[in-house]
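# Structure assessment
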Amino acid sequence: MVVPTHRRPPPIYRLARALRWISTIVLVALIIFAGTVVYSAVQVARSSAQSRGLSASFAANGTVEVGGSFTLSNPGIYPIDGFKLTARVANSSGVNLGQIGVGPANIAAFSTGVFPIALYLPVATNGPTASLLTEDQYLRVNAWGNATYAYLFPLSIELSENRSWGAPFEGFAASVGTPSGGGGTITIPVTVTFSNHASFPDTGTLTFLIESATQVDCGGGSFSVAVPPGNLYDQTQDVTLSSGCSPSGGQILSTYSTGGTPISLPPEAIP
Amino acid sequence: MSVSAGYVAPQSETAGYRIPSLGYRILVAALRLIPTFFLLIALPVAALSFASARGIALPISTYAVTVWGIALMSLGAARYILKPTRAFGPVSIAASAVALVYLVYALSLSPYRLTVPGGSASIAAGYATFLELVMIVPAIGILVGILITIQDAGSRTERLLFDFPA
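A brief structural summary. (Residues numbered from 1 in each chain as written. Chains lettered and ligands numbered in written order. Predicted model: local features only at pLDDT ≥ 70, side-chain atom pairs only at ≥ 80, totals over all residues. Heavy atoms only, no water.)

## Points about a nonpolar patch on the surface
What counts, and what does not: Two distance rules govern patches: like charges are joined within 9 Å, and nonpolar side chains (Val, Leu, Ile, Met, Phe, Trp, Tyr) within 5 Å, applied only to residues with over 30% relative accessible area and no salt bridge. Per-residue and other accessible areas were derived by the Shrake-Rupley procedure at a 1.4 Å probe size, with only the shown protein chains allowed to occlude residues. Definition used for salt bridges: Asp or Glu carboxyl oxygen within 4 Å of a side-chain nitrogen of Lys or Arg. Note on conventions: DSSP H or I runs of at least 4 residues are helices, E runs of at least 2 residues are strands, and numbering of each starts at the N terminus.
Together, Leu27, Leu31, Ile34, Phe37 and Phe38 of chain B make up a nonpolar patch on the protein surface, roughly 490 Å² of accessible area in all. Looking at the secondary structure, you find Phe38 of chain B in helix H1 (residues 22-53).

## As for the interface of chain B and chain A
Put simply, the test is: The contact criterion used is simple: two residues touch if any of their non-hydrogen atoms lie within 4.5 Å. Whenever two N or O atoms come within 3.5 Å, that pair is a polar contact, provided that in protein one can donate a hydrogen and the other can accept it, and provided that, for residues adjacent in sequence, both atoms are side-chain atoms. Pairing between strands requires that DSSP locate at least two bridges from one strand to the other.
With 32 residues of chain B at the contact, the number on the chain A side is 30 residues. Taken together, the connections running from chain B to chain A amount to zero salt bridges. At the surface where chain B touches chain A, the tally comes to four residue pairs in polar contact (both at pLDDT 80 or more). Contributing elements (two or more residues each) for the side of chain B that touches chain A: strand E4 (121-125), helix H4 (128-134), helix H5 (136-154) and helix H6 (160-163) of chain B. The element that contributes the greatest number of residues to the side of chain B that touches chain A is H5 of chain B, accounting for nine residues. Both strand E7 (residues 153-165) of chain A and E4 of chain B contribute to a ladder of five bridges, which runs antiparallel. When the bridges of E4 of chain B are listed, Leu159 of chain A appears paired with Ala121 of chain B.

## Re the pattern of salt bridges
Here is the rule: Classification of residues uses two cut-offs on accessible area relative to the type maximum, computed with a 1.4 Å probe and protein chains only: under 20% is buried, over 50% is exposed, and between them is partly exposed.
Summed over all chains, the structure comprises three salt bridges over all chains. A salt bridge links Glu161 of chain A to Arg163 of chain A; the nearest nitrogen and oxygen atoms lie 3.2 Å apart. Using a relative accessible area of 31% as the deciding quantity, one classes Glu161 of chain A as partly exposed. Assessed through its relative accessible area of 45%, Arg163 of chain A is described here as partly exposed. The salt bridge partner of Asp152 of chain B is Arg159 of chain B, with a shortest N-O separation of 2.9 Å. Overlapping salt bridges, with partners in common, bring together Asp152, Arg159 and Asp163 of chain B in one network.

## Looking at the packing of helix H1 (residues 11-47) of chain A against H5 of chain B
Which entries qualify depends on this criterion: Angles here are taken between N-to-C directions and fall from 0 to 180 degrees, while the axes themselves are lines fitted to C-alpha atoms, restricted in helices to the stretch in contact. Working rule for angles: under 35 degrees goes down as roughly parallel, over 145 as roughly antiparallel, 65 to 115 as roughly perpendicular, anything else as oblique. Helix crossings are classified by the rotation of the near helix relative to the far one: an anticlockwise turn of less than a right angle makes the crossing left-handed, while a clockwise turn makes it right-handed. Each residue gets one of three labels, nonpolar for Ala, Val, Leu, Ile, Met, Phe, Trp, Tyr, Cys and Pro, charged for Asp, Glu, Lys and Arg, and polar for the others, Gly among them.
Contact pair H1 of chain A / H5 of chain B: the axes reach a minimum separation of 9 Å and the direction vectors enclose 165°. In terms of axis orientation, H1 of chain A runs roughly antiparallel to H5 of chain B. Helix-helix and strand crossings are classified by hand; for H1 of chain A and H5 of chain B the assignment is left-handed. Where H1 of chain A approaches H5 of chain B, its residues Ile12, Tyr13, Leu15, Ala16, Leu19, Arg20, Ile22, Ser23, Val26 and Leu27 of chain A are matched on the opposing element by Ile136, Val137, Ile140, Leu143, Val144, Leu147, Ile148, Ile150 and Gln151 of chain B. Class assignment of the residues belonging to the contact of H1 of chain A with H5 of chain B gives a composition of 16 nonpolar, two polar and one charged.

## Here we look at the pairing of strand E6 (residues 137-149) of chain A
For a regular strand, side-chain orientation follows a simple rule: the groups alternate between the two sheet faces. All names here are of chain A. Pairing of strand E3 (residues 80-90) with E6 involves nine bridges; the strand directions are antiparallel. Its bridge partner being in E6, Thr86 is matched across the sheet by Trp144. The pairing of E6 with E7 spans 13 bridges and is classified as antiparallel. Note on E7: the bridge partner recorded for Arg140 is Asn162. Hairpin connection from E6 to E7: three residues lie between these consecutive antiparallel strands, with Ala150 at a positive phi of about 55°.

Below, the structure is given as structure tokens:
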């Protein structure tokens, strides 16, 4: 007997065949998806995230501001969702100086995310970061970020590196010379030296105060400062001491002012 | 002519269906192994070797990929050869189950953490959701195998009319 093959297949067979088709379609779709994701991810990796226009300067609030922008291009065909980046900066002693955050943000396909960044590094002498003002050192930058690429692939990145820091008042020293004069007026030369190792100029006023061992104000003065990056500063000024005030055993207190909050420099002891 | 005992003569033509010979099926199964070999073993191993040569830690060993690939290839070939028999359904289930276990194994390795050689950056990429979607395929495969087994249990030749029409 010849069974005609044009008859309708049994229900179970039809169901199995339909499922097989669905399975094949799903598999092909996933393979195409995976291929395009890999291709797009390579495009994103090649475009490489960048920090642009980074610059440092003294801020009005008595800190050093590192500002610029962080750019992440997404030339791929899938979006980057929930992009978030945090960076923390510590000094050579491991003391946390500050942190910046970017996002969370979504970066659509074929677009670029530009995020302004501003990091304020405290440079006050009474804090743990005093050396930042007067000592070159390496700063530890730890960054970590999260994002989801192409809807299904969560990514996280951790980055750790050392960045050199050039102190704006590297090797700062204030010293007094031999007193001179008579007849009730005694002057003493005060010399201030330092090198500007920062990437920005030291521009402003450097005010100093000679304090006796008993913390009496013996006199003071100020220097006008305009030191480009990489230059040495070495200036001397005669200061008239207050009557009967001896600077011996005291100290020289200096502050740098660039229009905003004055920044205290490390005190220098007078022998 | 029955096919329940195994295989029929070359180009056997029965009532409405025509089953290729065992030799022909083995030949076709062997030819199908070529693209499968590239997809399951050659390409992954090449990619892993490429990464390993550049000091990048591997998410899975080449040995594991090879073993799993051989298992899947073998079951795929056996499935094709046994298509005219009642063993087709169970072998289909086995092949899909092995693929599913392979995916579960790969899932356990997510996320993949990559440390850039010579650098201080590490990247972790999660692919669990994607693999869970891929698991739909062998899961359906198991279901299909069960349906075929049920079909063959009821009427062992009915499927052959449509799988191997004369």
